[in-house]
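Residue-level structure breakdown
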Amino acid sequence: MKICLIGFMGCGKSTLGKQLAESLKLEFIDLDSAFEEKYHMEITSFFNWFGEVKFRELETQLLESLLQKDDFVLSTGGGTPCFNNNMELIKKHALSVYIKLPFAILNERLIHTRKKRPIIQHINEDELLSFIENIVPKREEFYVQADIILNSDTFNVNKTSIIIQKKILEKLKIK
Ligand code: S3P
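Counting restarts for each chain: residues are numbered from 1 in the order of the written sequence. Reporting of local features is limited, given that this is a predicted model, to residues whose pLDDT is at least 70; pairs of side-chain atoms are given and counted only at 80 or more, and all residues count toward the totals for whole chains, interfaces and linings. With hydrogens and water set aside, each side-chain value is computed from the structure's full complement of heavy atoms.

**Here's the deal with the overall build of the chain**
Numbering of helices and strands starts at the N terminus; helices are DSSP runs of H or I of at least 4 residues and strands are runs of E of at least 2. Counting its secondary structure elements, the chain contains seven helices and five strands. Secondary structure of the chain in N-to-C order comes out as β-α-β-α-α-β-α-β-α-α-β-α. Summarising its shape, the C-alpha atoms of the chain cover approximately 45 × 35 × 25 Å along the three principal directions. For the chain, the residues scored as buried account for 47% of the 175 residues in total. Every accessible area reported is derived by Shrake-Rupley at a probe size of 1.4 Å, with residue values counting cover from the shown protein chains alone. Total accessible area on the chain is roughly 9,300 Å²; 51% of this is exposed by carbon and sulfur atoms. One way to put it: in the chain the 24 positive side-chain charges average out to a point 5 Å from where the 24 negative ones average out. In this scheme, a residue with accessible area under 20% of its type's maximum is buried, one over 50% is exposed, and one in between is partly exposed, where area comes from a 1.4 Å probe on protein chains only. This count recognises Lys and Arg as positive and Asp and Glu as negative, with His and chain-terminal groups excluded. Charge coordinates come from a single atom per side chain, which is NZ of Lys, CZ of Arg, CG of Asp or CD of Glu.

**Here we look at the packing of aromatic side chains**
Ring geometry is summarised as follows: Phe, Tyr and Trp rings, the Trp one being its six-membered ring, pair when their centres sit within 6.5 Å, and such pairs are stacked at plane angles under 30 degrees, edge-to-face over 60 and tilted between the two. Evaluation of the coordinates by the stated rule reveals nine aromatic pairs. For the ring pair Phe46 and Phe50, a centre distance of 4.8 Å and an interplane angle of 45° mean the geometry is tilted. Taken together, the residues span about one helical turn, with Phe46 and Phe50 both in helix H3 (residues 43–66) at a distance of four residues. Taking the relative accessible area as the measure of exposure, Phe46 reaches 3% and is therefore buried. An aromatic cluster is built from Phe35, Tyr39, Phe46, Phe47, Trp49, Phe50 and Phe55, whose rings are joined through pairwise contacts. Geometrically, a charge over a ring is one whose NZ (Lys) or CZ (Arg) sits within 6 Å of the ring centre while staying within 35 degrees of the ring normal. The aromatic ring of Phe83 is capped on one face by Arg56, whose charged end is 4.0 Å from the ring centroid.

**Digging into the layout of surface pockets**
Space left empty within the atom packing is revealed by a probe, the size of a water molecule, rolled over the atoms. Volume-wise, the largest pocket comes out at about 690 Å³. If you trace the largest pocket, you find 30 residues lining it, with Met9, Ser14, Asp32, Lys116 and Arg117 closest to the centre. Taken together, the elements giving at least two residues each to the lining of the largest pocket come down to helix H1 (13–24), helix H2 (31–39), H3 and helix H5 (103–111). It is H3 that provides the largest number of residues to the lining of the largest pocket, a total of six residues. Note on definitions: the grid is 1 Å and covers protein atoms alone; a cavity is a set of points where a 1.4 Å probe fits but cannot get out; a pocket is an open set with protein on both sides within 12 Å along at least five of seven lines; lining residues have an atom within 4 Å of a point. Grid points are joined across faces, edges and corners, and a volume is the space filled by probe spheres set on the points.

**Considering helix H7 (residues 157–171)**
For a helix, the expected span equals 1.5 Å multiplied by the number of residues minus one. With 15 residues, H7 extends 21 Å between its outermost C-alpha atoms, agreeing within 8% with the 21 Å of an ideal straight helix rising 1.5 Å per residue. Every buried residue of H7 is accounted for by Val157, Thr160, Ser161, Ile164 and Ile168. Taken around the axis of H7, the buried residues stretch over an arc of 100°, which confines them to a single face. Away from the buried face of H7 by more than 90 degrees, exposed residues Ile162, Lys166 and Glu170 are located. Any pair of N or O atoms that falls within 3.5 Å is considered a polar contact. Within protein, one atom must be able to donate a hydrogen and the other to accept it, and sequence-neighbouring residues count only if both atoms are side-chain atoms. Measuring from the side-chain oxygen of the N-cap residue of H7 to the backbone nitrogen of Asn158 gives 3.3 Å; that N-cap residue is Asn156. One or two steps after H7, the chain reaches Lys173, where phi turns positive at roughly 55°. Note that the arc is computed from the directions linking the helix axis to the C-beta atoms.

**Some details on the pattern of salt bridges**
One side-chain nitrogen of Lys or Arg within 4 Å of one carboxyl oxygen of Asp or Glu is enough to make a salt bridge. Counted according to the given criterion, the structure contains six salt bridges. Close ionic contact of Glu57 with Lys54 constitutes a salt bridge, the shortest N to O distance being 3.2 Å. Of the two residues, Glu57 and Lys54 are both situated in helix H3; the distance of three residues between them amounts to about one turn of the helix. Overlapping salt bridges bring together Glu52, Arg56 and Glu59 as one network.

**Comments concerning the environment of Thr160**
The residue Thr160 is located in helix H7 in this model. Residue class for Thr160 comes out buried when judged on its relative accessible area of 6%. The spacing of Thr160 and Glu27 is 133 residues in sequence and 19 Å in space, taken between C-alpha atoms. For Thr160, the contacting residues outside a window of four places in its chain are Leu16, Leu150 and Ser152. A polar atom in the side chain of Thr160 sits 2.6 Å from the backbone oxygen of Asn156. Only heavy atoms enter the contact rule, under which two residues are in contact if any of them lie within 4.5 Å.

As structure tokens, this is what we get:
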């Protein structure tokens, strides 16, 4: 089984992906970490050195190669589905799950971690919420194409992971 988690930064794709992979006994892959390993560089430094366009080109290449693997839970980067033909690729190869959190919770979760995220590292604390409110609806054009949409009003890893598993089984019609 190939499962791909998508959603905005801070929605918990990596934490949930790890938990889900463990429960389903599947390999866990984090696209951002795989990128950093492959290019021996943190994503923030990569953006600074080579820019976002190059990052998106290499991100697509890496995504394409990882999707060829057999069974996995793959957590993507927040922008992954929204560039090139990535959402099409994801949908072709894997069961996709969009993890949707309210803007206020994304804001809370990103305020203290934004320095390591190139897209928001220069945004002030008091401007972050309006940035999120502006960009998420644009990205949702892609996110909502996912096979499963998980609307969560709190961030609770165990609870959300169980709901995702239930929804995956329903989708695959496994009772
Ligand atoms: C990005 C999100 C990041 C990372 C890169 C770009 C984005 O991943 O891929 O910094 O465009 O939203 P996370 O969602 O894991 O932070």
